[in-house]
Amino acid sequence: FWLKASCQGSTPHHSPLLLGLLRLSAMAGEPDAKRARVEDPTVEETMKILKEQDKAAKPAYAINLNNFLDKDSETCSLHALVNHHVSVLQGLAKLGTDALSHRKVNTVRDLANWKFFKIARGLVACELAEESGKRDTAADMNINKALDKEWETKTLAEILDAPVSALQGLTPKDDEHFAKLQVKSIRDLGNWKYARWAEAICDLAEFESIEHHST
């Protein structure tokens with residue numbers, strides 16, 4: 001079973017609050033005389049100070065991906081999210097995870113880099129570049145390694161309207177799985193919001209500062 005990874009353990013950075021809690025734990029085992037020194041703050045005072053320090057340790061960010069994510073994952077870093085199970089994507093539910101796990105797509109990163117989505121996404125992006133009936137007879141361009149034989153000579157528009165099983169490696173069983181998600185064509189797969197969300201999260205994670213630095 002896949003479990004949602006803990007966001008708290010997603011980076012090697014330890015917050016002042018965590019370090020303070022570790023210190024308090026260590027203090028619990030110290031002799032009474034040492035712990036009772038007048039200059040030592042109380043536990044309540046220490047916790048208050050540590051919370052203030054932890055809050056001040058990072059800027060007051062406004063960005064969020066709340067409409068993409070399940071509630072429990074809204075506070076996660078992008079670096080943590082890429083390794084979470086795809087079920088963190090809001091609304092994907094069991095039908096979606098079943099369709100993806102059937103193809104061993106388990107994490108957000110897996111979905112973002114899933115080759116069939118990448119092919120479909122590329123075809124969608126290129127559709128507007130195609131001029132109907134204007135291919136030069138000397139041209140060598142093809143995407144044969146992405147398509148079943150019968151689709152190799154079709155136009156981009158025709159390929160995009162084909163079922164996902166027209167992609168080399170997918171089967172009518174995949175058509176059944178994805179039809180339940182309203183993904184009935186290669187075009188639908190290329191525009192599938194969950195895959196696009198996953199792709200965006202992974203792309204932006206490259207620019208996230210774990211230590212909250214600006215560079």
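Residue positions are given per chain, counted from 1 along the sequence in the order it is written. Note on the predicted model: pLDDT of at least 70 is required for a residue's local features to be given, and 80 or more for side-chain atom pairs to be given and counted; whole-chain, interface and lining totals, by contrast, use all residues. Each side-chain value is derived from all of the structure's non-hydrogen atoms; neither hydrogens nor water enter the calculation.

Engineer: Which residues make up unusual backbone geometry, and what values go with them?
Structural biologist: Although it is not a glycine, alanine 93 sits at a positive phi angle of roughly 60°. Helical segments are the DSSP runs of H or I of at least four residues, strand segments are the runs of E of at least two, and each set is numbered from the N terminus. In this fold, alanine 93 is placed in helix α5 (residues 93–101). A positive phi angle, close to 65°, is found at glutamine 182, a residue other than glycine. Topologically, glutamine 182 is positioned in the loop between α9 (172–179) and α10 (186–190). Judged by relative accessible area, which is 55%, glutamine 182 ranks as exposed. When accessible area is computed with a 1.4 Å probe and restricted to protein chains, residues below 20% of their type maximum are described as buried, those above 50% as exposed, and intermediate ones as partly exposed.

Engineer: Can you tell me about the packing of aromatic side chains, naming the residues and giving the values?
Structural biologist: To pair, rings of Phe, Tyr and Trp, with the six-membered ring standing in for Trp, must have centres within 6.5 Å; the planes then decide the type, stacked if under 30 degrees apart, edge-to-face if over 60, and tilted in the middle. Scanning the entire structure with this criterion turns up six aromatic pairs. Ring centres of tryptophan 114 and phenylalanine 178 lie 5.9 Å apart, and the angle between their planes is 20°; on these two criteria the pair is classed as stacked. One end of the pair, tryptophan 114, is in the loop between α6 (108–112) and α7 (115–126); the other, phenylalanine 178, is in helix α9, with 64 residues separating them in the sequence. Both residues of the pair, tryptophan 114 and phenylalanine 178, count as buried. With centroids separated by 5.2 Å and ring planes inclined at 75°, the aromatic side chains of tyrosine 194 and tryptophan 197 adopt a geometry described as edge-to-face.

Engineer: Which residues make up the layout of surface pockets, and what values go with them?
Structural biologist: Grid points spaced at 1 Å over the protein atoms alone were grouped into cavities, where a 1.4 Å probe fits but cannot get out, and pockets, open sets with protein on both sides within 12 Å along at least five of seven lines, with lining residues defined by an atom within 4 Å of a point. Grid points are joined across faces, edges and corners, and a volume is the space filled by probe spheres set on the points. Space inside the second largest pocket adds up to approximately 670 Å³. Around the second largest pocket sit 21 residues that line it, and Glu130, Arg135, Met141, Lys154 and Leu156 are the ones nearest its centre. Contributions of two or more residues to the lining of the second largest pocket are made by α7 and α8 (156–160). The greatest single-element share of the lining of the second largest pocket, amounting to three residues, is contributed by α7. In terms of residue class, the lining of the second largest pocket is built from eight nonpolar, six polar and seven charged. Here the nonpolar group is Ala, Val, Leu, Ile, Met, Phe, Trp, Tyr, Cys and Pro; Asp, Glu, Lys and Arg are the charged ones; every other residue, Gly included, is treated as polar.

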